[in-house]
Amino acid sequence: MSEASVSARVPKAPPVELGDGTARDLTTRTGTARLGVRKTYKLYVGGAFPRSESGRSYPVRAADGSLLAYAAQASRKDLRDAVVAARAAVRAWSGTSPYNRGQVLYRIAEMLEGRREQFVTEVGAAENVTADSAAAQVDAAIDRWVYYAGWTDKFAQVTGASNPVSGPYVSFSSPEPTGVVGLFAPQESSLLGLVSVLAPVLTTGNTAVLIASQDRPLSAVSLAEALATADLPAGTVNILTGSTAELAPWAAAHRDINALDLTGVAAQSRPALQRAGAGNLKRVYAPRDTDWLADPRTGRLSAFVEIKTVWHSKENEIT
Amino acid sequence: MTDVLTVPSARPQSQQSPPSPQNSPGETRIGTPPWSAADAARDNASLRRFLHGLPGVDQAGAESRAAGLATRSIKTTAKAWAITTSISMIDLTSLEGADTPARVRSLCARAMRPDLSRPDTPMVAAVCVYPDLVATAVDALRGSPVGVASVATAFPSGRASLATKLADVRDAVAAGANEIDMVIDRGAFLAGRYTEVFNEILAVKTECSPAHLKVILETGELGTLDHVRRASWLALLAGGDFIKTSTGKISPAATPPVALVMLQAAKNFAEMTGQARGVKLAGGIRTTKEAVRYLVMVNEVAGSTWLTPDLFRFGASSLLNDLLLQWHKLKTGAYDGPDYVAVD
Amino acid sequence: MTRQRISRGQAAAQTAGPAESGAPAAVPAGTDPFAYAPAPESRATARLRPSYQVFVDGRFRDGRGESIKSINPADEEPLAEVSEAGPADVEDAIAAARRAFEGPWSAMPAAQRGKYLFRIARYIQERARELAVLETLDNGKPIKESRDFDIPAAAAHFFYYAGWADKLGYAGLGPDPRPLGVAGQVIPWNFPLLMAAWKIAPALATGNTVVLKPAETTPLTALVLAEIMADADLPPGVVNILPGGPSIGEALVSHRGIDKIAFTGSTEVGKLIQRGAAGTSKRLTLELGGKAANIVFDDAPLDQAVEGIVTGIFFNQGQVCCAGSRLLVQESIADEVVSALQRRLTTLRLGDPLDKNTDVGAINSAAQLAKIRQLTESGETEGATRWSPPCRIPRRGYWFAPTIFTGVSQAHRIAREEIFGPVLSVLTFRTPAEAVEKANNTAYGLSAGIWTEKGSRILSVAAQLRAGVVWANTFNRFDPAAPFGGYKESGYGREGGRHGLEAYVDV
């Protein structure tokens, strides 16, 4: 077949708009458009990227209905596996020195910065916002991550205390991580909101099982790719994409999850989950709507720690 | 429980003579150990007070010192010396359920000639096998100075009657072993029945003489460095010629802080009694880097007197190959690969 | 049949022929079979330049003071020429710092300030090896210490304070702590880069700008730090570095154009600075000398206590303000501890600081060496017993062998005056109360050590010691998160931790 007849059969691709007012013609030398290699979006569990054990996936669409990608549809068994991975990672992550945790989190920020353009594209498509707005959110998300990297070795000094008790005793209190936190990422804010719920959990030494926004999950998977390349120990963060309504009851009832962040769960659905969580007395954090661009304050840091108070006797001179 | 106890017999003549003092302006007290066998048998409470009265070990401090010693940079001539010396200190070990006579013969061949391309490579100190393969090893090593060490006393768990354990020792010695690696009863130790542990070591020592006795503490089961120190002293008081870290069957095995505590105990024991006893590190030592670090530790903690196979051993198998690879690199300047050293 | 054990020596005789056989001989007494071969770090890594200049308003330029040679105390050879600052440079630097403070630095969002500090921290990590070798050449300390302590700690200090920049409202200093303005900072020669980090990081995190004078004998790493700051695009004038001598330091701290003085150095000079600042509104923090007591009780973990004593007085050749220069050992174990200590000292290696196996390096300057010698001689004339392990002292350079004095009383000069060298004075005590009394019987109060396995004793003694830093079962531990500073004539103010912010904000 001659070159000319090939190009006659395959339509020429329209120029691609780049969001900054310019457009690029991707037509190749032979006159056909270059076919991109589309990404497969999988789960992130135990430091690896498996598909759902159920084999299911679901279409993720842009605001105009066009297909962005398929995401894995996690099952309760995937959730179970994620919790196992998160539990296994608790000792190493909570045992890492606060300084080293800060170093790891800062490195994640470096990885996020490197993927800035990718995130801008994904956020723009998912949230149907302008490139400028998407860029502002991505920048805020990266800075938010840096913000939380800086808390790791300071939080204990702000929440901890030397207790002025009576008697020949020394008493001090310090925050310790609660363990495995089940998080529901915000449904709307696909990156900035996601980062704002996940980072504080890691800062305080906890491990995470995060259920991404149902309709806007792709940034969560890209975030997972950044985590996987940034020295974050396997299992510290686990990200599941899929149906929030399907996974939430299982997470709420899971007795090896120590705490829940219900940010991404609609208000009317929360009471049932809180009741289920009472089964092992989960610490439940259920905030009102948040302005993600505002100062995050410390609520999300103190929500997932336990305060340990230690007493020790003090010797006196024999009188 | 045996009821007739003898004071530990004179150590075989191949053992090291009292250590030469090393720039030691302080006193070296020469005398008898504070515990005779009879005392130990009578009074567990007193033995416990002695052992518990030993100075504690601060774990952070011990780890810090071990880490500091690991920063020594050993190059060129010093590295060459360390590699050859390490080879000569190896108890080349095979302790698998699947061991066969052919495997043991192959092990012994390597023990005598670790590197056929370099015939002047030193021999290892000994091979270490299960009691029922001792005869094979003795036969294969006939005429060479390589020793035959046998594990015994229901190795590795040590969970059997004393009679069984002593029979195990008897068999190994009868088959020709000249070194016995026994395990202590960790259950008894952790339960505070120190006299029982002491007596068992004594009984094994009596049974195996003149073969020399290594006492495996199984430090990975002892839990704290304080326990490691106490167990070291207990084994030395009972007459062990060597204290040894591990069976190699569980993890953790030999680690730098544990080695530090044991070397310090051997050193302190020598200062108190004038008798230098040995230390063997076994389990998990696979690389030249680790071996060299341990030699640095021996050198700076116990002293250069201990830098001899008579007082220091590595219980290892794959370490030998890494030492040979590193030796090749030192001589040729190029990195080598596992294809270039023989497997068993 | 028991297999006859052939001794190693017999085996060697049987199988080996010529001496180049690989079989090692038995260890003859008195030899050192395991002599560590030289393991020198490469000097070229330091990227030493022939000359260094002052750093003002974001640029390097010749200073208007003298040009001096910075020398290597290990061999007295010149390393580089340094163009020192003159009084006019002090004026320029303060003006630049003021402009930066009132302009871009104040206007900048706090999180952005923090990001500059993160960048600087990262660049220190990237250039760690270069900085370590340079520090060793300029200061004389062993490469093992610059590499494993000074440089990583400096990077960590920047990392720590970077994170505070946008969180000041949580530091317990009020909802919106304001910076003071321009800080004039003078640092000593014992930890040149680290002291620069301790000063600059909290000042910048809180929104101040800085003019810093490194010590005259050790300006080089501070000037490379200036380069790092320029590479990080730190706005001009935010940090200015002025190498120079005492007169420049004085010009800096007495200048009306600064709002804050931070000084680390001798108590003598600290007092002068306090006098000079009287009547002004300048805020002042001082980190001065010490004569710390390292207290070893009879139930101490002995082996680790010996390590702690050694670290306490021989780390950095004893040239540390918080050095454990007085050993207070419980009388019942005193002989045992001193013996163990002397034995341990024989394994310390004194020599070329660039050798990775060196434990004890050179004294920083001829002047410092003279002071150490003078005080040590007083120890002998006052009747204490002096002991040092045998050391091979290099022909050139400034060296002092580790030294222990026993039979020391509280009245001896070597028990009262800061020697700032590798000299330990050993005293005894009988009860905890006596230990506390002796430990506190000094005008200084920077640090102290406690060695005992008994927790209740640690906490009780720690509560009674008049010292700003108390180490229990350890010594010389530093962390950017842990406040450091003195009581009494060891100074006031704290560096490090949440408390380290206070000095730089308007509370």
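This is a predicted model, so every value here is computed, not measured.

### Some points on the overall build of chain B
And then number 1: Counting secondary structure elements, chain B contains 14 helices and eight strands.
And then number 2: Out of the 344 residues belonging to chain B, those deemed buried represent 57%.

### Let's talk about the packing of helix α7 (residues 162–174) of chain B against helix α9 (residues 194–208) of chain B
Residue and element names in this part refer to chain B.
And then number 1: The interhelical angle for the contact between α7 and α9, taken along N-to-C directions, is 25°, at an axis separation of 9 Å. One way to sum up the angle between α7 and α9 is to call them roughly parallel. Two packed elements cross with a definite hand, and for α7 against α9 that hand is right-handed. When α7 is examined against α9, the residues Leu-162, Leu-166, Val-169, Arg-170 and Val-173 are found in contact with a partner set consisting of Glu-200, Ala-203, Val-204, Glu-207 and Cys-208.
And then number 2: Its residues assigned to classes, the contact of α7 with α9 shows seven nonpolar, no polar and three charged.

### Quick notes on the sheet that holds strand β5 (residues 77–83) of chain C
Residues and elements named next belong to chain C.
And then number 1: With mixed pairing, three strands are arranged side by side in an open sheet as β1-β5-β4. Lying at the two open borders of the sheet, with one neighbouring strand each, are β1 (51–52) and β4 (67–72).
And then number 2: Sheet analysis places β4 next to β5, joined by six bridges and oriented antiparallel. In the sheet register, Lys-69 faces β5, and the bridge partner there is Glu-81.

### Describing the environment of B:Leu222
All names here are of chain B.
And then number 1: Here Leu-222 is to be found in helix α10 (residues 219–222).
And then number 2: By C-beta crowding, Leu-222 is classed as buried, having 20 other C-beta atoms within 10 Å.
And then number 3: Apart from the residues within four sequence positions on either side, Leu-222 is in contact with Arg-186, Leu-217, His-227, Val-228 and Ala-231.

### Here we look at the pairing of strand β7 (residues 278–282) of chain B
Residues and elements named next belong to chain B.
And then number 1: Across the five residues of β7, five count as buried, placing the element largely inside the fold.
And then number 2: A two-sided burial pattern is seen for β7, the buried positions comprising Gly-278, Lys-280 and Ala-282 on one face and Val-279 and Leu-281 on the other.
And then number 3: Sheet analysis places strand β6 (residues 242–244) next to β7, joined by three bridges and oriented parallel. Following the sheet pairing, Lys-244 is matched in β7 by Lys-280.

### Brief notes about the interface of chain C and chain A
By a widely used convention, the size of an interface equals the accessible area lost when the partners come together.
And then number 1: With 24 residues of chain C in contact, the opposing surface of chain A contributes 21 residues.
And then number 2: Counting residues per element, the ones that place at least two in the side of chain C that touches chain A are α3 (110–126), α5 (143–164), α14 (432–440) and α15 (455–464) of chain C.
And then number 3: Tallied by class, the residues present in the side of chain C that touches chain A amount to 13 nonpolar, six polar and five charged.

### Focus: the pairing of strand β2 (residues 126–129) of chain B
Residues and elements named next belong to chain B.
And then number 1: Judged by which residues are buried, β2 turns out to be covered on both faces: Ala-126 and Cys-128 on one side and Val-127 and Val-129 on the other are all buried.
And then number 2: Inspection of the sheet shows strand β1 (residues 90–93) paired to β2 by three bridges, in the parallel sense. Directly across from Leu-92, in β2, lies its bridge partner Val-127.
And then number 3: Sheet topology places β2 next to strand β3 (residues 147–151); four bridges connect them, and they run parallel. From the neighbouring strand, Ala-126 faces β3, where its bridge partner is Gly-147.

### Some words on helix α7 (residues 220–231) of chain C
Residues and elements named next belong to chain C.
And then number 1: Helix length check: α7, at 12 residues, gives a terminal C-alpha distance of 17 Å against a target of 16 Å (1.5 Å per residue), a fit within 8%.
And then number 2: Most of α7 is tucked away: nine of the 12 residues are buried.
And then number 3: Listing the buried residues of α7 in full gives Leu-220, Thr-221, Ala-222, Leu-223, Val-224, Leu-225, Ala-226, Ile-228 and Met-229.
And then number 4: Following α7 by one or two positions, Asp-233 adopts a phi angle in the positive range, close to 65°.

### Quick notes on the sheet that holds strand β12 (residues 305–313) of chain A
All names here are of chain A.
And then number 1: As summarised here, the arrangement of the three strands in space is β5-β6-β12, forming an open sheet in which the pairing is antiparallel. The open sheet is flanked by β5 (161–163) and β12, the only strands paired with a single partner. Across the sheet, the mean angle from the axis of one strand to that of its neighbour is 25°, orientation sign disregarded.
And then number 2: As paired elements, strand β6 (residues 169–177) and β12 share nine bridges and run antiparallel to each other. Looking at β12, one finds that Ser-174 is bridged to Lys-308.

### Comments concerning the packing of helix α4 (residues 116–127) of chain A against helix α8 (residues 218–228) of chain A
Residue and element names in this part refer to chain A.
And then number 1: At their nearest, the axes of α4 and α8 sit 9 Å apart, and the two run at 165° to each other. The angle between the axes of α4 and α8 places the two elements in the roughly antiparallel class. For the pair α4 and α8, the crossing hand works out as left-handed. Along its contact with α4, which presents Gln-118, Phe-119, Glu-122, Val-123 and Ala-126, the element α8 presents Leu-218, Ser-219 and Ser-222.
And then number 2: Looking at side-chain class alone, the contact of α4 with α8 contains four nonpolar, three polar and one charged residues.

### Points about unusual backbone geometry
All names here are of chain B.
And then number 1: Omega for the bond connecting Ser-209 with Pro-210 falls within 30 degrees of zero, at 0°, which places this linkage in the cis form.
And then number 2: Tracing the backbone shows Pro-210 in the loop between α9 and β5 (212–216).
And then number 3: Cis geometry marks the peptide bond from Ser-251 to Pro-252; its omega dihedral reads 0°.
And then number 4: Along the chain, the position of Pro-252 falls in the loop between β6 and α12 (256–273).

About the criteria used
- Residues numbered from 1 in each chain as written.
- Chains lettered and ligands numbered in written order.
- Predicted model: local features only at pLDDT ≥ 70, side-chain atom pairs only at ≥ 80, totals over all residues.
- Helix = DSSP H or I, 4+ residues; strand = E, 2+ residues; numbered from the N terminus.
- Buried ≥ 20, exposed ≤ 12 C-beta atoms within 10 Å, placed from the backbone.
- Axes fitted to C-alpha atoms, helices over the stretch in contact; angles between N-to-C directions.
- Parallel < 35°, antiparallel > 145°, perpendicular 65-115°, else oblique.
- Left-handed = near helix turned anticlockwise from the far one by under 90°.
- Contact = placed C-beta atoms within 7 Å.
- Nonpolar A, V, L, I, M, F, W, Y, C, P; charged D, E, K, R; others polar.
- Pairing = 2+ DSSP bridges.
- Expected span 1.5 Å × (residues − 1).

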